[in-house]
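The residues making up each chain are set out below.
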Amino acid sequence: MAVFNRDSQDEVSRGARAIVVHAETRGLDRRDSDARLEEARGLALAIGIDVRAAQAFRVRDLKPATLFGSGQVDQIATLARQEDAELIIVDNSLSPVQQSNLEKACEAKVIDRTGLILEIFGERAATNEGRLQVELAHLDYQAGRLVRSWTHLERQRGGFGFLGGPGETQIEADRRMIRDRMAKIRRELDQVTRTRGLHRARRQRAPWPVIALVGYTNAGKSTLFNRLTGADVMAEDLLFATLDPTMRQIALPGLDKAILSDTVGFVSDLPTQLIAAFRATLEEVLSADLIVHVRDIAHPDSEAQRDDVLEVLGELGVAGEGALDRGEGDPAPPPMIEAWNKLDLLDEEAAELIQEQAARRENVVILSALTGEGVDRLQRMISDHMTCGAKVYDLRIPVSDGAALAWLHEHGEVLHSTISADVMNVEVRLSDATFARFAKAHI
């Protein structure tokens, strides 16, 4: 992995010395500065950057030229020199002008939160689709910063008379290359979307529900996914440990089969370029029968992380708990339940408080994906949601037809059974689609 400076085109490799700074604005930040700085440290650590110091600056008015005030810029430059930092990470979004001015004032490379997240995604994307999505987002991000990439072409002058600017011809050519490449990637992603749509349609024709795991990055989605499916998806205490979606078959009480989907984790201030680029992947969430929102309940900013996730889901068109608007005629969003994860990290007093809070809500289950505690309760809650529309059938099956009885136990929920002479009376809960399959095969 490398973080590139768009002016000199050189790079900062793994192990680069860096400082993290954050512009704290009263009333605009959803969480406190310490939490923001700690998350920014985690983002930098995810791509091997050596963070030497982190500091927040209270900014009354965001400055168009540098974001920070002039005195604060001097403090940042001094801190960078003291820590021998070659990289300054600004945990905010910077305009191209702000990024350029900060680099000149601090005499160090500068990247903002968007650039940092894009670098992480670029390193972690494993599939062709993921790489295409990240490249599209990166090109979109770079397009507005090209004016700073060609200072070595100042002797070139485009246009006529005095209207042409330095390097204009080369910049325009590069912009055309970026536009052409973005168009090509979009065509390839459209094909991926159509293919995924065909697969989704095939699954929808089958009577198997789809459950999508969503949540803030590092909330434990992949650990829970592995626990429920027995898979071996990468799961580490690391931000954005996995990017590409994974789907596996699982068994649930009363259901013969369901599909569980693990999606990319969300983060506060997720770059809009990434939301757009990953829309095709996250369409799995839109078409799910149930969304399981995995939350790190031991994190001090758990509520703020919840709001961030719902905000991104809103941008995707999923109205979490009815909090977001839908257009007239749009299908209702999938129901959502919350899995309050990392119970094992809470002390006894905190665990009791969380238990009391969860008891007042019907759509919450507390668990530890790491130890397995509470996972059975989550499976039961998912099953209850999936089978709430199922009907109870009273069936008479010959005692000799053991295959039919075994089929009902495997694909439905047998509530009661009695034997009368050579007939077995079975009371079983089945969905309409499952009953139709049973009737076709055994009646």
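Residues numbered from 1 in each chain as written. Predicted model: local features only at pLDDT ≥ 70, side-chain atom pairs only at ≥ 80, totals over all residues. Heavy atoms only, no water.

- Per an unreviewed UniProt entry, the protein chain carries the name GTPase HflX and comes from Sphingobium lactosutens DS20.
- Its UniProt record, at the heading Subunit (unreviewed entry), says of the protein chain: "Monomer. Associates with the 50S ribosomal subunit." (UniProt positions renumbered as here; feature names shortened; annotations may be inferred.)

## A short note on a negative patch on the surface
Next up, step 1: The grouping of Asp347, Glu348, Glu349, Glu352 and Glu356 at the surface amounts to a negative patch.
Next up, step 2: Relative to the assigned elements, Asp347 resides in the loop between strand S11 (336–341) and helix H11 (348–359).
Next up, step 3: When its relative accessible area of 48% is taken as the criterion, Asp347 is described as partly exposed. (Patch = residues over 30% accessible without salt bridge, like charges linked within 9 Å, V, L, I, M, F, W, Y side chains within 5 Å. Areas by Shrake-Rupley, 256 points an atom, 1.4 Å probe, with all protein chains shown as cover. Salt bridge = Lys/Arg side-chain N within 4 Å of Asp/Glu carboxyl O. Lys, Arg positive; Asp, Glu negative; His and termini not counted. Charge placed at Lys NZ, Arg CZ, Asp CG, Glu CD. Helix = DSSP H or I, 4+ residues; strand = E, 2+ residues; numbered from the N terminus. Buried < 20%, exposed > 50% of the residue type's maximum accessible area, 1.4 Å probe, protein only.)

## Describing the packing of helix H4 (residues 113–124) against helix H5 (residues 128–143)
Next up, step 1: Following both chains from N to C, one finds H4 and H5 inclined at 155 degrees, their axes separated by 9 Å at the closest point. Between H4 and H5, the angle is such that the two are roughly antiparallel. When the axes of H4 and H5 are compared, the crossing they make is left-handed. Of the residues in H5, those in contact with Thr114, Gly115, Leu118, Glu119, Phe121 and Gly122 of H4 are Val134, Ala137, His138 and Tyr141.
Next up, step 2: Split by residue class, the contact of H4 with H5 holds five nonpolar, four polar and one charged. (Axes fitted to C-alpha atoms, helices over the stretch in contact; angles between N-to-C directions. Parallel < 35°, antiparallel > 145°, perpendicular 65-115°, else oblique. Left-handed = near helix turned anticlockwise from the far one by under 90°. Contact = heavy atoms within 4.5 Å. Nonpolar A, V, L, I, M, F, W, Y, C, P; charged D, E, K, R; others polar.)

## Here we look at the packing of aromatic side chains
Next up, step 1: A complete count under the given rule lists two aromatic pairs for this structure.
Next up, step 2: A ring pair is formed by Phe57 and Phe68, whose centres lie 5.8 Å apart and whose planes are at 80 degrees; its orientation type is edge-to-face. With Phe57 in strand S4 (residues 50–58) and Phe68 in the loop between S4 and helix H2 (70–82), the pair connects residues that are eleven residues apart, well separated along the chain.
Next up, step 3: Phe57 sits in the buried class, given a relative accessible area of 4%. (Phe/Tyr/Trp six-rings, centres within 6.5 Å; stacked < 30°, edge-to-face > 60°.)

## Focus on the environment of Asp401
Next up, step 1: Tracing the backbone shows Asp401 in the loop between strand S13 (391–398) and helix H13 (402–411).
Next up, step 2: Judged by its relative accessible area of 25%, Asp401 is partly exposed.
Next up, step 3: Residues Asp401 and Met424, spaced 23 residues apart in sequence, show a C-alpha to C-alpha distance of 9.4 Å.

## Considerations on the nonpolar core
Next up, step 1: Ranked by size, the top nonpolar core spans 41 residues in total, and within it Ile49, Ile89, Leu116, Leu274 and Leu313 carry the most contacts.
Next up, step 2: Counting residues per element, the ones that place at least two in this core are strand S3 (17–24), helix H1 (33–45), strand S5 (87–90), H4, H5, strand S7 (210–215), helix H8 (272–277) and helix H10 (302–316).
Next up, step 3: Per element, the largest residue contribution to this core is five residues, and it comes from H4.
Next up, step 4: Composition of this core by domain shows at least three residues from each of domain 1 (17–122) and domain 2 (206–322 + 332–387).
Next up, step 5: The next biggest cluster of nonpolar side chains, apart from the first, holds 25 residues, and it includes Leu252, Val365, Leu367 and Met386. (Core = buried A, V, L, I, M, F, W, Y, C linked by side-chain atoms within 4.5 Å. Domains from an automatic or database assignment.)

## Comments concerning the sheet that holds S4
Next up, step 1: The four strands lie next to each other as S4-S3-S5-S6, forming an open sheet whose pairing is parallel. What marks the edges here is a single partner per strand, and that holds for S4 and strand S6 (109–112). With strand direction ignored, the average angle separating the axes of adjacent strands in the sheet is 20 degrees.
Next up, step 2: Sheet topology note: the S3/S5 ladder contains four bridges and is parallel. In the sheet register, Val20 faces S5, and the bridge partner there is Ile89.
Next up, step 3: Together, S3, S4 and S5 form the strand contacts of H2, whose direction differs from that of S4 by roughly 165 degrees. (Pairing = 2+ DSSP bridges.)

## So, the environment of Leu313
Next up, step 1: With respect to the secondary-structure elements, Leu313 resides in helix H10.
Next up, step 2: Judged by relative accessible area, which is 0%, Leu313 ranks as buried.
Next up, step 3: Each C-alpha atom, one on Leu313 and one on Val285, is 8.8 Å from the other, the two residues being 28 residues apart in sequence.

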